[in-house]
Amino acid sequence: MSDYEPLKFYVPEPTGRPGDEPDFTKLEIPEAGSARKPAIDCRPQEIKDLATTIIRVMNRDGEAVGPWAEDIDDGVLLDGLKAMIRTRAFDERMMTLQRQGKTSFYMKCTGEEAIAIAHKAAQTKGDMNFPTYRQQGLLLSTDYPMEDMINQILSNEKDPLKGRQLPILYSARSHDYFTVSGNLGTQFIHAVGWAMASAIKGDTKIASAWIGDGSTAENDFHSALVNASVYKPPVVFNIVNNQWAISSFRGIAGGDEATFAERAHGYDIPSLRVDGNDFLAVYAVSRWAIERARRGFGPVLIEWVTYRVAPHSTSDDPSKYRPKEESTAWPLGDPILRLKNHLIARGLWSEERHAQAESEYDEEVRVATKEAESHGVMGAGSSPKDMFEAVFEELPPHLREQRQKMGV
Amino acid sequence: MPQMSMIEAIRDAMDVKMAEDDNVVVFGEDVGYFGGVFRCTHGLQDKYGKNRVFDSPINESGIVGAAIGMAAYGLRPCVEIQFADYIYPAYDQIVSEAARLRYRSGEQFTAPITIRTPVGGGIFGGQTHSQSPESLFTHVAGVKSVIPSNPYDAKGLLIAAMEDPDPVIVFEPKRLYNGPFDGHHDRPASNWSKHPLGDVPEGHYTVEIGKASTFREGKAVTILTYGTMVYVAEAAVKETGIDAEIIDLRSLLPLDVDAIVESVKKTGRCMVLHEATQTSGFGAELAAQVQERCFYHLESPVVRVAGYDTPYPHAQEWDYFPGPARVGRELKAMMEAV
């Protein structure tokens with residue numbers, strides 16, 4: 001007779017499923033302004049506490065408080081708000097486009113707009129982003145042509161990527177935006193290599209790597225961290241923890257107790273955990289991390305705590321796996337609303353200007369969409385000849401033969 | 001002209017390119033201070049510094065992934081995967097990322113990286129140190145695969161790979177690192193210095209990727225092969241007296257189809273020979289190409305001689321490895337076929 005009970009293993013469950021009340025009581029939210037701001041050259045061990053708290057700047061009254069609130073230019077905030085409104089308008093229109101059957105696929109970033117847009121605002125031209133698929137704000141907060149993004153989504157004759165990529169997997173080298181892979185997490189280690197190259201050449205550019213909470217389980221996440229730990233290149237690791245990896249909650253993504261930011265500690269990489277729906281906090285922490293990397297103090301990892309309001313993609317139905325009201329119950333609010341209230345409280349913005357901006361961006365997206373549609377939808381106008389180009393720099397004989405057989 | 005082993009020729013290729021181009025960096029497991037477990041990078045760190053030649057963590061995906069990022073910046077990384085058997089953790093980075101960056105980015109980003117990796121058996125490496133995974137890569141669009149059989153080609157192909165605008169995998173037959181191989185494991189191996197193919201010019205030269213070479217001219221049958229098996233074929237020809245033409249493919253993708261067709265049309269018979277497992281091996285592609293293009297010139301079916309469809313066994317390595325006797329038997333049978 002054994003002294004032991006039969007063993008069991010543990011499959012984590014979220015706090016709520018469809019039909020349940022949303023429950024975020026497990027999410028400990030500290031007071032805005034309560035997190036300290038460390039010195040730019042601090043040792044990773046000195047800021048372990050910042051991996052378990054949530055750095056917040058805006059309080060419930062929309063005021064910017066605490067050490068991270070200092071020295072943020074009003075223009076950055078106003079531009080950031082506009083870019084967030086523009087991004088949301090873009091997402092809405094592209095979702096409609098997919099529902100109309102004009103494209104096969106789309107992914108919104110609703111509720112997460114502040115992260116990419118504020119981070120981009122903290123970068124300098126030439127700093128390279130290695131994004132995943134929900135950072136459209138990196139492009140939409142710049143002068144990258146919106147119409148080109150839509151052409152890519154439609155895979156039409158003006159698609160910069162010639163119909164070879166799934167919609168939304170953009171590539172925009174001119175705007176420091178690395179080509180997006182559909183294979184998760186692979187870009188994390190690319191960013192490390194790019195940052196090492198910048199250092200090898202004695203440059204001053206930094207790389208920013210992007211990953212979702214679910215993809216932190218991928219090998220390349222760990223490859224990137226171990227390489228960054230060893231070589232200490234100028235790279236900022238961004239983990240966008242939006243609570244859901246398609247239908248899997250963060251407990252499946254990598255355990256339910258330790259924060260994603262804490263993972264950096266084993267690699268001796270400084271890490272911070274931040275309210276990703278607080279534009280001021282995202283900007284301030286991004287600026288700190290980027291400056292630290294650019295000053296030669298090595299990598300930084302940031303966990304952005306946010307919530308994926310929208311479905312994972314147009315092929316997903318979140319009502320099948322999470323409480324219906326969960327997205328509206330997210331206790332850290334909506335990034336656009338919060339920044340809007342902050343700027344109104346400071347007299348820099350108004351309800352009227354907000355409504356006007358929404359209307360202007362709706363119209364801009366509508367016009368750009370119409371123009372893009374004139375070049376074809378759902379692959380129309382693209383050429384089968386393009387299929388054979390750019391596999392290699394020069395067309396090798398076997399591909400030339402295959403193309404000739406196709407008659408193009 | 002200097003005499004070099006294949007190891008020395010490979011090292012010389014990296015030396016030449018590092019001296020010419022500041023953007024060339026070399027890294028991988030143990031390649032820096034120690035100079036690589038096969039010593040291919042010996043001395044390069046001393047000469048070019050730790051910023052350009054350095055050790056990496058035991059992390060093949062990280063090695064190739066970092067190389068891709070460096071290439072996106074504008075560098076020219078030449079990385080070593082210590083054994084081809086360990087390339088699988090890097091497989092996704094090679095086939096999904098390096099191979100497709102140019103394609104998927106509308107040519108905004110490219111991955112001109114070189115991946116060197118020792119390949120093949122005959123060294124008592126067993127199932128984790130003797131594999132020949134080349135066909136896993138020739139199936140992938142966007143990456144080139146080459147495999148030299150001698151020091152001259154090794155240096156020329158490696159320099160060509162490092163100058164190529166696309167990712168290239170250089171499979172280095174480790175059985176040939178120190179000398180040619182007569183196909184018999186129980187005979188002493190000769191040294192490259194006693195072999196004309198050990199003559200390696202100093203300085204810069206290239207061997208064109210995508211061009212095969214005729215290792216031995218013959219009229220009776222064509223043997224399509226590469227790497228170590230070139231010498232097994234040569235031994236079989238000597239021992240059987242069959243006047244076979246041996247084509248050393250050198251480059252598997254792109255493949256020199258013209259050279260293959262020309263030879264098979266001349267001889268009317270074709271054997272494909274490699275040490276990788278037979279099923280879905282590169283020999284299947286060669287046999288299909290010959291069937292499609294030379295069918296009416298063939299006097300007997302295309303024959304495949306390859307490793308068996310088992311993992312590479314340690315104790316039975318010399319039964320697994322196609323040797324001259326096996327090749328000879330198959331050659332004789334082919335010649336007897338109507």
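Okay, so let's go over this structure. Please read all numbers here as calculations on a predicted model, not as lab measurements. For every chain, the first residue of the written sequence is number 1, and numbering continues from 1 onward in sequence order. Naming scheme: in the order in which they are written, chains are lettered from A and ligands are numbered from 1. Thresholds applied to this predicted model are a pLDDT of at least 70 for local features of residues and 80 or more for the giving and counting of side-chain atom pairs; totals over whole chains, interfaces and linings are not thresholded and use all residues. For the side-chain quantities, the full set of heavy atoms in the structure was used; hydrogens and water were omitted.

1. Things to note about the overall build of chain B
Secondary structure elements are taken from DSSP: a helix is a run of H or I of four residues or more, a strand is a run of E of two residues or more, and numbering for both begins at the N terminus. Check the secondary structure of chain B and you find 12 helices and 12 strands. Against the compact-globule benchmark of 20 Å for 338 residues, chain B has a radius of gyration of 19 Å, which places it among compact chains. With respect to the three principal axes, the spread of C-alpha positions in chain B is 60 × 45 × 40 Å. The cut-offs for exposure are 20% and 50% of the maximum accessible area for each residue type, with area from a 1.4 Å probe on protein chains only; residues under the lower value are buried, those over the upper are exposed, and the others partly exposed. Among the 338 residues that make up chain B, the fraction classed as buried is 64%. Throughout, a residue-residue contact means that at least one pair of heavy atoms, one from each residue, lies within 4.5 Å. In chain B, 78% of the contacts between residues at least 6 apart in sequence involve partners at least 24 apart. Note on areas: Shrake-Rupley, 1.4 Å probe, and residue coverage restricted to the protein chains presented here. Carbon and sulfur atoms form 49% of the exposed surface of chain B, whose accessible area is close to 12200 Å². Charged residues are defined narrowly, with Lys and Arg counted positive, Asp and Glu counted negative, and His plus the chain ends left uncounted. To locate a charge, take NZ of a lysine, CZ of an arginine, CG of an aspartate or CD of a glutamate. Mean positive and mean negative side-chain charge positions of chain B (30 and 45 charges, respectively) differ by 2 Å. In this setup the radius of gyration rests on C-alpha atoms only. A globule is expected at 2.2 Å times the number of residues raised to 0.38.

2. A few points about the environment of B:Ala212
Residues and elements named next belong to chain B. Tracing the sequence through the fold places Ala212 in the loop between strand E6 (168–173) and strand E7 (213–216). Separated by 35 residues in sequence, Ala212 and Ile247 have C-alpha atoms that sit 6.8 Å apart. Ignoring sequence-local partners within four residues, the contact set of Ala212 consists of Ile247, Asp248, Leu249, Arg250, Asp256 and Ala259.

3. Here's the deal with the pairing of strand E1 (residues 24–28) of chain B
Residue and element names in this part refer to chain B. Along E1, five of the five residues are buried, which leaves the element largely enclosed by surrounding structure. Burial along E1 is two-sided: the face carrying Val24, Val26 and Gly28 and the face carrying Val25 and Phe27 are both buried. Should DSSP find at least two bridges between two strands, the strands are taken to pair. In terms of strand pairing, E1 meets strand E3 (residues 76–80) through five bridges, oriented parallel. Its bridge partner being in E3, Phe27 is matched across the sheet by Val79. Where E1 meets strand E2 (residues 53–55), three bridges bridge the pair, whose relative direction is parallel. Note that in E2 the partner of Gly28 across the bridge is Asp55.

4. Points about the sheet that holds E6(B)
Across a sheet, strands are paired by hydrogen bonds formed along the backbone, either parallel or antiparallel in direction. Residues and elements named next belong to chain B. The seven strands are arranged E2-E1-E3-E4-E6-E5-E10 in an open sheet whose pairing can be described as mixed. Looking at strand neighbours, the two that pair on one side only are E2 and strand E10 (251–253), the edges of this open sheet. On average, adjacent strands in this sheet sit at an angle of 20° to one another, irrespective of strand direction. To get an axis, a line is fitted to the C-alpha atoms, and for a helix only the part in contact is used. The angle between two axes follows their N-to-C directions and goes from 0 to 180 degrees.

5. Remarks on the nonpolar core
Buried Ala, Val, Leu, Ile, Met, Phe, Trp, Tyr and Cys residues that are joined via side-chain atoms within 4.5 Å together make up what is termed a nonpolar core. A:Phe237, B:Ile94 and B:Leu249 are the most contacted members of the largest nonpolar core, which has 81 residues in total. For A:Phe237, the contacting residues outside a window of four places in its chain are A:Phe188, A:Val192, A:Ala209, A:Ala224, A:Leu225, A:Ala228, A:Ile269, A:Pro299, A:Val300, A:Leu301 and A:Ile302. Counting 75 residues, the second-largest nonpolar core is a separate cluster that includes A:Leu139, A:Ala172, A:Tyr283 and A:Val285.

6. What to know about the interface of chain B and chain A
On the side of chain A, 41 residues touch chain B, which itself brings 42 residues to the contact. Each of two parts loses accessible area, computed with a 1.4 Å probe, when they are put together; buried area is these two losses added. Of the roughly 3500 Å² buried where chain B meets chain A, counting both sides, 59% is carbon and sulfur surface. In terms of surface lost to chain A, no three residues of chain B exceed B:Tyr73, B:Tyr103 and B:Arg104, which account for 23% of the buried area on that side. Whenever a carboxyl oxygen of Asp or Glu lies within 4 Å of a side-chain nitrogen of Lys or Arg, that contact is scored as a salt bridge. For the pair chain B and chain A, the interface holds one salt bridge. For the salt bridge of A:Glu401 with B:Arg293, the shortest nitrogen-to-oxygen distance reads 2.9 Å. The definition of a polar contact used here is a pair of N or O atoms within 3.5 Å, where within protein one atom must be able to donate a hydrogen and the other to accept one, and adjacent residues in sequence count solely through side-chain atom pairs. Summed over the shared surface of chain B and chain A, the result is 23 residue pairs in polar contact (both at pLDDT 80 or more).

7. Description of the sheet that holds strand E8 (residues 221–225) of chain B
Residues and elements named next belong to chain B. Taken in spatial order, the five strands line up as E7-E9-E8-E11-E12 in an open sheet, and their pairing is mixed. Lying at the two open borders of the sheet, with one neighbouring strand each, are E7 and strand E12 (303–307). For this sheet, the mean angle separating the axes of adjacent strands, direction not counted, is 25°. Note: E8 against strand E11 (residues 270–277), three bridges, orientation parallel. Bridge pairing links Thr222 to Cys270 in E11. Along the sheet face, helix H10 (residues 282–294) touches E8, E11 and E12 and points at about 160° away from the line of E11. Helix H12 (residues 324–336) rests against E8, E11 and E12 of the sheet, and its axis sits at about 170° to E12.

8. Examining the pattern of salt bridges
Applying the stated criterion across every chain, the model contains 44 salt bridges over all chains. Of the charged contacts, one joins A:Lys125 and A:Asp176 as a salt bridge, the two residues approaching to 3.8 Å between their closest N and O atoms. Note that A:Lys125 is positioned in the loop between helix H2 (113–122) and strand E1 (128–130) and A:Asp176 in the loop between helix H4 (146–154) and helix H5 (186–200), a separation of 51 residues in sequence. Since its relative accessible area comes to 62%, A:Lys125 is described here as exposed. Here A:Asp176 falls in the buried class, since its relative accessible area comes to 8%. Here B:Asp12 makes a salt bridge to B:Lys155, at a shortest N to O gap of 2.6 Å. A residue pair is termed long-range when its members are at least 10 positions apart, and B:Asp12 in helix H1 (residues 6–20) and B:Lys155 in helix H7 (residues 151–163) qualify at 143 residues. Taking relative accessible area as the criterion, B:Asp12 reaches 18% and is therefore assigned buried.

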